[in-house]
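In case you want the letters, here they are:
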Amino acid sequence: MTSTVTRADVCAAAIADAFADDGEIFASPMGMLPMLGVRLAKLTSNPDLVISDGESLFLAGVPPLFAKGDVVEGWIPFRKVFDVVAYGKRHVMMGATQVDREGNQNISAIGDFAQPKRQLLGSRGAPGNTVNNRTSYWVPRHSPRVFVEQVDIVSGVGPRRAAAAGPAAAKYNDIHRIVSNLGVFDLTGAGGTMRLRSIHPGVALDEVIESTGFALELPAEVPTTREPTMEEQIIIREVLDPKGLRFREVPEPEAAHQ
């Protein structure tokens, strides 16, 4: 990785690439890096993306992270979001406390369902998202505690489980990408299991393998995640995140070990 391109910038570009081919669709990023990546895609690879302020408004422009006062294109209060979820023209990127080799996600609790060790957010909108809309996941700290053989509780539904549940669950199930601070993954492995698409610059393949709690399918030659172009770097640093908020979620590796 060059001295001017940070891991956070690479992650933002990888997230933008996950939305690049969506066309005119409602992008629902949950979290700082997903929001940054979606807005980067809107300004570069996919200008047709429909974005919101994360609360109740569709935006005509593309403001910096958490900025107020941009041009409003439409109104989407919380109850209207459910109409879009059911209709399907939406790509949501959620977080994952756990995600397993079959693409199931857990944000509900850790441990046995009857008596969990730790209560989390609850399943919230994850089941509806994954059976109705294209869904991706963002994991800022890739570890064996997150990438597990089998999630403790299924919140977001992976393709194999959706297929077993029948056509109503499987018809629109589309787990598109998993982006972490180490690499990019999808579910094109054998039997619909997780496969490594690329590792970020400066990351060793052994680090990805050791940080994953299951046997990850690997390509014959592992690509390196692309670095953002100079245009994208300028947009990230000067337009979308001039305050450097992205480094709170993805610090540079050296700083993370200090």
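Here is what the cut-offs are and how they apply
- Note that residues are indexed from 1 along each chain, following the sequence as it is written.
- Whole-chain, interface and lining totals are the exception, using all residues; otherwise, since this is a predicted model, local features are given only for residues with pLDDT of at least 70 and side-chain atom pairs are given and counted only at 80 or more.
- Computation of side-chain values covers all heavy atoms of the structure but excludes hydrogens and water.
- Working definition: helices are DSSP H or I runs of at least four residues, strands are E runs of at least two. Numbering for both runs from the N terminus.
- The globule rule used for comparison is 2.2 Å times the number of residues to the exponent 0.38, while the radius of gyration itself is calculated over C-alpha atoms.
- The buried label applies to any residue whose accessible area, calculated with a 1.4 Å probe on protein chains only, is under 20% of its type's maximum; exposed applies above 50%, and partly exposed to all values in between.
- Throughout, a contact is declared for two residues whenever any of their heavy atoms are within 4.5 Å.
- Paired strands, as defined in this entry, are two strands with at least two bridges between them according to DSSP.
- Expected helix span is taken as 1.5 Å per residue step, with the number of steps being one fewer than the number of residues.
- Each Phe, Tyr or Trp ring (for Trp, its six-membered ring) is paired with any other whose centre lies within 6.5 Å, and the angle between the two planes then decides the class: stacked below 30 degrees, edge-to-face above 60, tilted in between.
- Contacts described as polar in this section are N or O atom pairs within 3.5 Å, which, within protein, must combine one atom able to donate a hydrogen with one able to accept it, while residues neighboring in sequence count only if both atoms come from side chains.

(A) Main features of the overall build of the chain. Counting its secondary structure elements, the chain contains 10 helices and 14 strands. Rg of the C-alpha trace for the chain: 18 Å, near the compact-globule value of 18 Å for 258 residues, within the 12% margin. Its C-alpha atoms give the chain principal-axis dimensions of about 45 × 45 × 35 Å. When burial is assessed residue by residue, the chain has 51% of its 258 residues classed as buried. Put simply, of all contacts in the chain between residues at least 6 apart along the chain, 65% involve residues at least 24 apart.

(B) Seen up close, the pairing of strand 10 (residues 134-139). Buried residues dominate strand 10, accounting for 5 of its 6 residues. Pairing analysis gives 5 bridges linking strand 5 (residues 90-95) to strand 10, with the strands arranged parallel. Each residue of the ladder has a partner; that of G95, found in strand 10, is W138. In this sheet, strand 12 (residues 174-180) lies alongside strand 10 in parallel orientation, the contact comprising 5 bridges. When the sheet's bridge partners are listed, W138 is paired in strand 12 with V179.

(C) Quick peek at the environment of N132. Among the structural elements, N132 can be located in helix 4 (residues 126-132). A sequence separation of 68 residues divides N132 from P64, and the C-alpha atoms of the two residues are 29 Å apart. With sequence-adjacent residues up to four places away left out, N132 is seen in contact with V85, A86, G88 and Y172.

(D) A look at helix 1 (residues 7-18). Taking 1.5 Å per residue as the helical rise, helix 1 with its 12 residues ought to reach 16 Å, and the 17 Å between its terminal C-alpha atoms agrees with that figure. In terms of burial, helix 1 is a largely internal element, 11 of the 12 residues being buried. For helix 1, the full list of buried residues reads R7, A8, D9, V10, C11, A12, A13, A14, I15, A16 and A18.

(E) Focus on the packing of aromatic side chains. Evaluated as defined, the whole model comprises 2 aromatic pairs. Measuring from centroid to centroid gives 5.2 Å for F26 and F58, while their planes differ by 85°, and the two rings are edge-to-face. In this pair, F26 is assigned in strand 1 (residues 26-29) and F58 in strand 3 (residues 57-59), connecting sequence segments 32 residues apart. For the pair F26 and F58, one class covers both residues: buried.

(F) Representation of the side chain of N106. Along the chain, the position of N106 falls in strand 7 (residues 105-106). Taking the relative accessible area as the measure of exposure, N106 reaches 0% and is therefore buried. Reaching out from N106, the side chain makes a polar contact with the backbone nitrogen of S108 at a distance of 2.8 Å. What N106 contacts, discounting residues up to four positions off in sequence, is A96, T97, Q98, V151, D152, I153 and S155.

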